[in-house]
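Remarks on the overall topology
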Amino acid sequence: MSDVIEEGTAETRGDLRLLHYLLRLPWPVEDVWPAVATAEGLREWLAGAVDLEPRLGGAARLGELGEGRVTAWDVERVAEYTAEERGRIRFHLEAAPDGGTTLRFTHETRSGPEPGWRARLERLVTALARD
């Protein structure tokens, strides 16, 4: 199923690094949303120790990615978390014409190594396929 993940693009703006991935998922938005916007869903593929208050400004403890806040929240559309040490991660979901979901993923950071997003996103696809 990794063919649903288009190769990521990276760009640098001063000391800011941005990484983008585009996923074309065969599942509807209502099936994908819980995987990126609930503690239970994120635990399955992102990090084992996730605790999340699912609302704008809510606490977001994302395991080894660090602690932070929910910095954008639009139910079944945008979930964005900003971790103090790892920067901002954003999931933007759009309903696809075929009934699936287009997921645009962005990681924006000023420090630290890239935390293996391709492998993590492959785990997301595997977790969705199991459900």
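Our subject is the structure listed above.
The structure displayed is predicted, hence computed values, not measured ones.

**Looking at unusual backbone geometry**
With a phi close to 60°, Glu 76 is a non-glycine residue in the positive phi region. For Glu 76, the location among the structural elements is in the loop between β5 (67-74) and β6 (78-83).

**Focus on empty space enclosed by the protein**
Within this structure, the stated rule accounts for one cavity of 30 Å³ or more. In this structure, the largest cavity spans a volume of roughly 40 Å³. Together, Leu 62, Leu 65, Tyr 81, Thr 82, Ala 83, Arg 86, Gly 87, Ile 89, His 107 and Trp 117 line the largest cavity. Elements with a contribution of two residues or more to the lining of the largest cavity: β6 and β7 (87-95). Tallying contributions element by element places β6 first for the lining of the largest cavity, with three residues.

**Some details on the sheet that holds strand β1 (residues 5-13)**
Taken in spatial order, the eight strands line up as β1-β2-β8-β7-β6-β5-β4-β3 in an open sheet, and their pairing is antiparallel. The outermost strands of the open sheet, each flanked by one partner alone, are β1 and β3 (50-52). Here the average twist between neighbouring strands, direction ignored, is 20°. The sheet contact formed by β7 and strand β8 (residues 101-109) spans eight bridges and is antiparallel. The partner of Ala 95 across the bridge, within β8, is Thr 101. Contacts from helix α1 (residues 29-37) reach β2 (16-25), β3, β5, β6, β7 and β8 within the one sheet, and its direction differs from that of β7 by about 170°. This element, helix α3 (residues 117-130), spans β1, β2, β7 and β8 of the sheet and lies at about 25° to β2.

Rules of the game
- Residues numbered from 1 in each chain as written.
- Predicted model: local features only at pLDDT ≥ 70, side-chain atom pairs only at ≥ 80, totals over all residues.
- Heavy atoms only, no water.
- Helix = DSSP H or I, 4+ residues; strand = E, 2+ residues; numbered from the N terminus.
- 1 Å grid on protein atoms, 1.4 Å probe; cavity = no way out; pocket = protein on both sides within 12 Å on 5 of 7 lines; lining within 4 Å.
- Points joined across faces, edges and corners; volume = space filled by probe spheres on them.
- Pairing = 2+ DSSP bridges.
- Axes fitted to C-alpha atoms, helices over the stretch in contact; angles between N-to-C directions.
- Contact = heavy atoms within 4.5 Å.

Bear in mind that shape data such as this cannot, by itself, settle questions of function.
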